[in-house]
Amino acid sequence: LRIGGGTGSLQKFVEQVYNGLTKAGVEVLYDDREGVSAGEKFTDADLLGMPLRCVVSEKTMVQDKVELKARHKKETSLIKLKDFIATLNH
């Protein structure tokens, strides 16, 4: 889970994502470091072996979605937050 800056409503959405994932039993690395580029954060997540990257941004928030990328794949996908959490609960 990554966040950088943003509005108060983005922060609330990130907390909603974080809480939904942790309630579903997902271990989350919440990378809210300031002064670090998105690329550095993505590289660090890869180095730590994170199997799935979930990016929350203003762009995804307005669609009530998160951006997902599996570590072993090149493509990313947008998925509704409730659908993502529902798949984790099964």
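Going by the structure above, here's the rest.
Remember, it's a predicted structure, so these values are computed and weren't measured experimentally.

### What to know about helix 4 (residues 81-88)
All of the buried residues in helix 4 are Leu 81, Phe 84 and Ile 85. The buried residues of helix 4 occupy an angular sector of 95° when the element is viewed end-on, so they sit on one face. Turned more than 90 degrees away from the buried face of helix 4, the exposed residues are Lys 82 and Thr 87. In this fold, the buried residues of helix 4 make contact with helix 1 (8-23), strand 1 (52-55), strand 2 (65-70) and strand 3 (77-80).

### Observations regarding the packing of aromatic side chains
In total, this model carries 1 aromatic pair according to the counting rule given. Stacked on the ring of Phe 42, the Lys or Arg Arg 53 has its end atom at 3.7 Å from the ring centre.

### Focus: the sheet that holds strand 2
Strand order in this open sheet of 3 strands is 1-2-3, and the pairing throughout is antiparallel. The open sheet terminates on both sides in strands that have one partner only, identified here as strand 1 and strand 3. Direction aside, neighbouring strands of the sheet carry axes that sit 35° apart on average. One ladder, built from 4 bridges, connects strand 1 with strand 2; its direction is antiparallel. Considered in strand 2, the bridge of Val 55 is made with Glu 67. Helix-sheet contacts for helix 4 involve strand 1, strand 2 and strand 3, and the interaxial angle to strand 3 is about 85°.

### Thoughts on the nonpolar core
Counting 13 residues, the largest nonpolar core has Phe 13, Val 17, Cys 54, Val 56, Val 66, Leu 81 and Phe 84 as the members making the most contacts within it. Ranked by residue count, the leading element in this core is helix 1, at 5 residues. Not counting chain neighbours up to four residues away, the residues in contact with Phe 13 comprise Val 56, Met 61, Asp 64, Lys 65, Val 66 and Leu 81.

### What to know about the packing of helix 1 against helix 4
Where helix 1 contacts helix 4, the axes come no closer than 10 Å and their chain directions differ by 15°. Our classification of the angle between helix 1 and helix 4 gives roughly parallel. The handedness of the crossing between helix 1 and helix 4 is right-handed. Residue-level contacts link Phe 13, Gln 16, Val 17, Gly 20 and Leu 21 of helix 1 to Leu 81, Phe 84, Ile 85 and Leu 88 of helix 4. Class assignment for the residues of the contact of helix 1 with helix 4 results in 7 nonpolar, 2 polar and no charged.

### Focus on the pairing of strand 3
Here 4 bridges tie strand 2 to strand 3, and the two strands are oriented antiparallel to one another. The residue bridging Lys 65 from the neighbouring strand is Lys 80, located in strand 3. In sequence, strand 2 turns back onto strand 3 through a hairpin of 6 residues.

Cut-offs applied
Residues numbered from 1 in each chain as written. Predicted model: local features only at pLDDT ≥ 70, side-chain atom pairs only at ≥ 80, totals over all residues. Heavy atoms only, no water. Buried < 20%, exposed > 50% of the residue type's maximum accessible area, 1.4 Å probe, protein only. Helix = DSSP H or I, 4+ residues; strand = E, 2+ residues; numbered from the N terminus. Arc of directions from axis to C-beta. Contact = heavy atoms within 4.5 Å. Phe/Tyr/Trp six-rings, centres within 6.5 Å; stacked < 30°, edge-to-face > 60°. Lys NZ or Arg CZ within 6 Å of the ring centre and 35° of its normal. Pairing = 2+ DSSP bridges. Axes fitted to C-alpha atoms, helices over the stretch in contact; angles between N-to-C directions. Core = buried A, V, L, I, M, F, W, Y, C linked by side-chain atoms within 4.5 Å. Parallel < 35°, antiparallel > 145°, perpendicular 65-115°, else oblique. Left-handed = near helix turned anticlockwise from the far one by under 90°. Nonpolar A, V, L, I, M, F, W, Y, C, P; charged D, E, K, R; others polar.

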